[in-house]
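# Structural description and commentary
Residues per chain are reported as follows:
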Amino acid sequence: MRIGILSDSHGRSDRVEAAMSLLHDAGAELFLHLGDLMDTASIDAMHGYHARFVLGNCDWDEAGMRRHAEQCGVVCDHPIGRIDVGGRTLAYTHGHRNELVQVALADRVDWLLHGHTHEPRDERIDGTRVINPGALQRASRYTVGLLDTGDDRLELLELPASHQPSR
């Protein structure tokens, strides 16, 4: 399965839209937003895709965002999501609650995805591959991740230049 990973869009639904399109064109089948959406327009940008998300520390209207997601057919798995991928486990959370990260690592999931830091990350901790795709706001470059779970390959993709920060 090819999974599109995005995070920390902070109300920039235009960047969520661009990221979804970029990931879709790269072959993503499932899309996971790792939190700090901040608005329902970002949920709207995920409508029509097989998309799920968790909330971040800047997503203050949890009830409203959950309601809106349900109306749009987008799944909210807050505070942590887990999916089975071909007999392997992928967990995802925003990353601001360390206890959730520690539980997933203790459970020895195959992949643990998180956002929050706005910095790309790809490392192994006791057999778990820990991935952060970067961010779609407040970063030196706006990136998303494409994880191919079949061959455990991660590709970081940059949004088009028109959506990048001024340099």
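Refer to the structure above for everything that follows.
Quick caveat, the model's predicted, so the values are computed rather than measured. Per chain, residue numbering runs from 1 following the sequence as it is written. Local features in this predicted model are restricted to residues of pLDDT 70 or higher, and side-chain atom pairs are both shown and tallied only at a pLDDT of 80 or more, whereas totals for entire chains, interfaces and linings draw on every residue. Computation of side-chain values: all heavy atoms of the structure, hydrogens and water removed.

Moving on: the pattern of salt bridges. Any carboxyl oxygen of Asp or Glu that lies within 4 Å of a side-chain nitrogen of Lys or Arg is treated as forming a salt bridge with it. What the rule picks out here adds up to 14 salt bridges. In this structure, arginine 82 engages aspartate 107 in a salt bridge whose closest nitrogen and oxygen atoms are separated by 2.7 Å. Remark: aspartate 107 occurs in the loop between α4 (98–106) and β7 (111–113) and arginine 82 occurs in strand β5 (residues 80–85); sequence separation between them is 25 residues. You can call arginine 82 partly exposed: its relative accessible area is 38%. For glutamate 99, the salt bridge goes to arginine 97, with nearest N and O atoms at 2.9 Å. Under the scheme applied here, a residue whose accessible area is under 20% of the maximum for its type counts as buried, over 50% as exposed, and between as partly exposed, the area being computed with a 1.4 Å probe on protein chains only. Given a relative accessible area of 32%, arginine 97 falls into the partly exposed group. Through salt bridges with shared partners, one network takes in Arg2, Asp148, Asp151 and Arg153. Each helix is a run of DSSP H or I of at least 4 residues and each strand a run of E of at least 2, with the numbering of both proceeding from the N terminus.

Sheet strands line up and pair through hydrogen bonds in the backbone, either parallel or antiparallel. Strand pairing is assigned whenever DSSP detects at least two bridges linking the two strands. Strand order in the open sheet formed by five strands is β5-β6-β7-β9-β8, with mixed pairing between adjacent strands. Both edges of this open sheet fall to β5 and β8 (121–125), since each of them pairs with a single strand only. Sheet twist, expressed as the average angle between the axes of neighbouring strands with direction ignored, equals 20°. The pairing of β7 with strand β9 (residues 128–132) spans three bridges and is parallel. By the bridge assignment for β9, tryptophan 111 is matched with arginine 129. In this analysis, two residues are considered to be in contact whenever any of their non-hydrogen atoms come within 4.5 Å of each other. Note on method: axes are straight lines fitted to C-alpha atoms, helices fitted across the in-contact stretch only, with angles between N-to-C directions ranging 0 to 180 degrees. Each of β5, β6 (88–93), β7, β8 and β9 is contacted by α4, which is oriented at about 25° to β5, the strand it contacts most.

By the bridge criterion, six bridges tie strand β10 (residues 143–148) to strand β11 (residues 153–158) in an arrangement that is antiparallel. When the sheet's bridge partners are listed, threonine 143 is paired in β11 with glutamate 158. The turn joining β10 and β11, which pair antiparallel and follow one another in sequence, is formed by four residues; a positive phi near 55° is taken by aspartate 152.

In this section: the pairing of strand β1 (residues 2–6). Most of β1 is tucked away, with four of its five residues classed as buried. Bridge analysis of β1 against β10 gives four bridges, and the strand direction is antiparallel. For glycine 4, the partnering residue across the bridge sits in β10 and is leucine 146. With four bridges joining them, β1 and strand β2 (residues 30–33) adopt parallel strand pairing. Pairing of leucine 6 across the sheet is with histidine 33, part of β2.

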